[in-house]
Amino acid sequence: MATAADGAQAPKIDYQIDFFTGQPYPVWADLRRSACPVAEVDGQTMGVFGRPSFLVTRWEDVEGILRDGETFSSSINAEHIGQFMGELMLAMDGKEHRAYRNLVAHAFRASQLEQWDDTLVRPTIDRLIDAIAPLGRADLVASVTSQYPVQVICGIVGVPLDDAVQFQRWAEQINTGPLDPPAGMAAAQAMRDYLAPLVEARRAEPTGDFLSDLVHAEVDGERLTDEKLYGFLRLLLPAGAETTFRAMGNALTALLTVPGLMERVQADRDLLPAVVEETLRWETSVTQVSRVATRDTEIAGCPVPAGAVLNVLTGSANHDEARYPDPEAFDPTRPPQNHMTFGTGQHQCLGMHLARMELRVGLGVILDRLPGLRLDPDAPPPVIEGLAFRGPNALHVRFDPS
Ligand code: HEM
């Protein structure tokens with residue numbers, strides 16, 4: 001990891017950035033440039049875990065932390081949502097996590113992805129576009145992006161479209177369980193009761209689908225316990241839908257607002273995968289992951305005590321000028337190199353290939369089926385906003401009706 005001057009102390013900062021509407025990139029850029037790029041958050045402003053809390057801003061330090069699961073544990077992820085989600089792979093370390101991940105990873109194999117592309121992902125986005133194509137105008141967040149990844153995940157799990165809204169409501173109540181514990185617990189149980197018949201049907205007779213893979217997965221004679229299985233199923237919507245829905249809004253914002261970009265992509269569709277990757281770097285929908293220090297340690301030469309919570313800023317790493325020249329600019333022709341949007345190390349996003357495919361397919365269908373797509377001149381332009389989760393709240397557009 002990078003080192004700071006001898007004896008550097010993490011500065012304390014008053015981190016008053018609004019969770020829903022904040023613009024954190026300028027603050028992160030200042031921190032990356034400071035002698036100690038690791039700042040301690042003033043307890044009054046972000047002591048949500050009741051312990052010292054640090055921001056990690058540079059690429060090198062973010063990467064080092066995410067690849068050192070012994071010194072920087074994921075167990076912190078269990079503290080707030082763990083009791084509602086059940087056994088949560090995001091909160092596990094070491095051998096326990098590896099065994100769990102080996103069991104579920106098979107369900108995301110390449111042949112499943114190919115099958116979902118034709119049978120689920122394209123039909124889902126097509127159906128959503130059918131509803132707006134004749135209208136000539138729409139809010140793409142309300143009509144398309146907020147529904148598309150949710151419906152894809154419901155399809156993957158085997159939840160019928162008619163129940164998708166209910167399924168999403170439970171997922172939200174589980175996710176916000178710390179704010180309303182009785183509702184969070186009730187939703188966790190309701191989701192399990194709802195899924196149980198689907199699980200039992202696959203147990204009795206596997207159909208080759210995602211749920212069958214999960215139920216029958218076996219590694220070294222081990223299978224997923226029910227607690228782990230339902231814990232995983234409860235994680236899928238928050239992990240895979242919230243994230244991808246905002247990423248799609250960010251990509252559309254780039255296409256609609258970066259001068260000349262829409263024309264270039266319309267003229268050369270082969271640019272689309274590079275636009276997806278640059279969007280993920282430029283405005284990641286999830287800007288941070290959490291870890292806890294298991295011992296007294298140093299990050300970039302700055303001391304961090306055992307028990308401290310680390311806000312590992314993947315969004316800031318993606319803008320580190322030591323790795324990306326002119327990082328605020330959207331440039332799909334940058335030389336290809338990994339970004340930090342899906343994390344790295346043992347918890348690297350399990351759904352990243354699915355997310356990329358949904359973005360590529362979804363944007364392609366939108367460009368094909370909404371000719372003349374442009375911002376609505378009578379509506380406010382889109383703004384990508386938020387601290388931990390970023391995306392536009394609305395995307396008002398016009399297009400040629402068909
Ligand atoms: C643009 C969309 C997405 C983003 C930005 C994203 C981001 C991330 C990140 C940063 C992590 C690592 C968390 C950590 O290290 O603590 C992660 C893990 C994970 N993601 Fe994603 N994700 C996306 C889409 C998806 C999708 C579509 C799915 C599945 C349907 C998914 C499932 C998961 C799972 C299961 C994990 C936990 C992996 C583990 O603990 O080993 N994600 N994701």
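Residues numbered from 1 in each chain as written. Predicted model: local features only at pLDDT ≥ 70, side-chain atom pairs only at ≥ 80, totals over all residues. Heavy atoms only, no water.

Draft legend 1. Spatial organisation of the overall build of the chain. From N to C terminus, the chain includes 16 helices and 13 strands. Whereas a compact globule of 402 residues would reach a radius of gyration of roughly 21 Å, the chain reaches 21 Å, a difference of no more than 12%. With respect to the three principal axes, the spread of C-alpha positions in the chain is 65 × 55 × 40 Å. Within the chain, the proportion of its 402 residues that are buried is 54%. Long-range pairs, those at least 24 residues apart, make up 74% of the contacts in the chain between residues at least 6 apart in sequence. Split by element, the accessible area of the chain, about 17,200 Å² in all, is 52% carbon and sulfur. Side-chain charges in the chain split into 34 positive and 55 negative, and the spacing between the mean points of these groups amounts to 2 Å. (Helix = DSSP H or I, 4+ residues; strand = E, 2+ residues; numbered from the N terminus. Rg over C-alpha atoms; globule rule 2.2 N^0.38 Å. Buried < 20%, exposed > 50% of the residue type's maximum accessible area, 1.4 Å probe, protein only. Contact = heavy atoms within 4.5 Å. Areas by Shrake-Rupley, 256 points an atom, 1.4 Å probe, with all protein chains shown as cover. Lys, Arg positive; Asp, Glu negative; His and termini not counted. Charge placed at Lys NZ, Arg CZ, Asp CG, Glu CD.)

Draft legend 2. Local environment of helix 14 (residues 272–282). For helix 14, the tally of buried residues reaches eight of eleven residues, placing the bulk of the element in the interior. Buried residues of helix 14: L272, V275, V276, E278, T279, L280, R281 and W282, and no others. Considering only its buried residues, helix 14 is in contact with helix 1 (25–33), helix 12 (226–257), helix 13 (261–267), helix 16 (352–369) and strand 11 (384–385).

Draft legend 3. Layout of unusual backbone geometry. Positive phi is not limited to glycine here, since A300 has a value of about 50°. Checked against the element boundaries, A300 lands in the loop between strand 7 (297–299) and strand 8 (302–304). Judged by its relative accessible area of 2%, A300 is buried. With a phi angle near 50°, D326 is a residue other than glycine that sits in the positive phi range. Classification of D326 as exposed rests on a relative accessible area of 55%.

Draft legend 4. The environment of V276, seen in detail. Summarising the element assignment, V276 is placed in helix 14. Sequence separation between V276 and A254 is 22 residues, and the spatial gap between their C-alpha atoms is 9.9 Å. Those residues in contact with V276, other than ones at most four positions away along the chain, are L359, R360 and L363.

Draft legend 5. Quick peek at the pairing of strand 6 (residues 289–293). Strand 6 sits mainly inside the fold: four of its five residues count as buried. Here four bridges tie strand 6 to strand 9 (residues 309–312), and the two strands are oriented antiparallel to one another. The partner of R291 across the bridge, within strand 9, is L310. (Pairing = 2+ DSSP bridges.)

Draft legend 6. Here's a closer look at the site of the ligand. In the vicinity of the ligand lie 28 residues, with H97, R101, R291, H347 and C349 positioned nearest. Backbone polar atom of A239 to a nitrogen atom of the ligand: 3.3 Å apart, as the coordinates give it. In this structure, an oxygen atom belonging to the ligand sits 2.8 Å away from a side-chain N or O atom of R291. Counting only elements with at least two residues in the shell around the ligand, the list comes to helix 5 (94–105), helix 12, strand 6 and helix 16. A total of eight residues in the shell around the ligand trace back to one element, the largest contributor, which is helix 12. Among the residues making up the shell around the ligand, the classes are represented as 16 nonpolar, ten polar and two charged. (Near = heavy atom within 4 Å. Polar contact = N/O pair within 3.5 Å; in protein donor to acceptor, adjacent residues only side chain to side chain. Nonpolar A, V, L, I, M, F, W, Y, C, P; charged D, E, K, R; others polar.)

Draft legend 7. View of the coordination of the iron atom of the ligand. Its sole protein donor being C349 (SG), the iron atom of the ligand sits 2.3 Å from that atom. Tracing the backbone through its elements, the reader meets C349 in the loop between helix 15 (314–317) and helix 16. (Donors = N, O, S within 2.8 Å, 3.2 Å for Na, K, Ca; no water.)

Draft legend 8. Local environment of the state of the cysteines. Summed over all chains, the structure comprises one disulfide. Across the disulfide from C36 sits C302; the S-S distance is 1.9 Å. Here C302 lies in strand 8 and C36 lies in the loop between helix 1 and strand 2 (38–41), a separation of 266 residues in the sequence. Each member of the pair, C36 as well as C302, carries the same accessibility label: buried. Considering cysteine sulfurs only, C349 is the nearest to C154, which forms no disulfide, with 18 Å between them. (Disulfide = S-S within 2.5 Å.)

Draft legend 9. Expanded view of the sheet that holds strand 13 (residues 396–398). Reading across from one edge, 5-13-10 is the order of the three strands in this open sheet, with antiparallel pairing throughout. Looking at the sheet topology across the chains shown, the edges are occupied by strand 5 (137–139) and strand 10 (374–375). The sheet contact formed by strand 5 and strand 13 spans three bridges and is antiparallel. Looking across to strand 13, one finds that A138 is bridged to V397.

Draft legend 10. Quick look at the layout of surface pockets. The volume enclosed by the second largest pocket comes to roughly 310 Å³. Lining the second largest pocket are 14 residues, and of these E278, R334, P335, P336 and Q337 sit closest to its centre. For the lining of the second largest pocket, the per-class residue count stands at six nonpolar, two polar and six charged. (1 Å grid on protein atoms, 1.4 Å probe; cavity = no way out; pocket = protein on both sides within 12 Å on 5 of 7 lines; lining within 4 Å. Points joined across faces, edges and corners; volume = space filled by probe spheres on them.)

Draft legend 11. Quick look at the pattern of salt bridges. Per the stated rule, a full pass over the model turns up 25 salt bridges. The partner of R122 in a salt bridge is D117, with the nearest N and O atoms 2.8 Å apart. R122 sits in the partly exposed class, given a relative accessible area of 35%. For the salt bridge of D209 with R202, the shortest nitrogen-to-oxygen distance reads 2.8 Å. An identical accessibility class is assigned to D209 and R202; each is buried. (Salt bridge = Lys/Arg side-chain N within 4 Å of Asp/Glu carboxyl O.)

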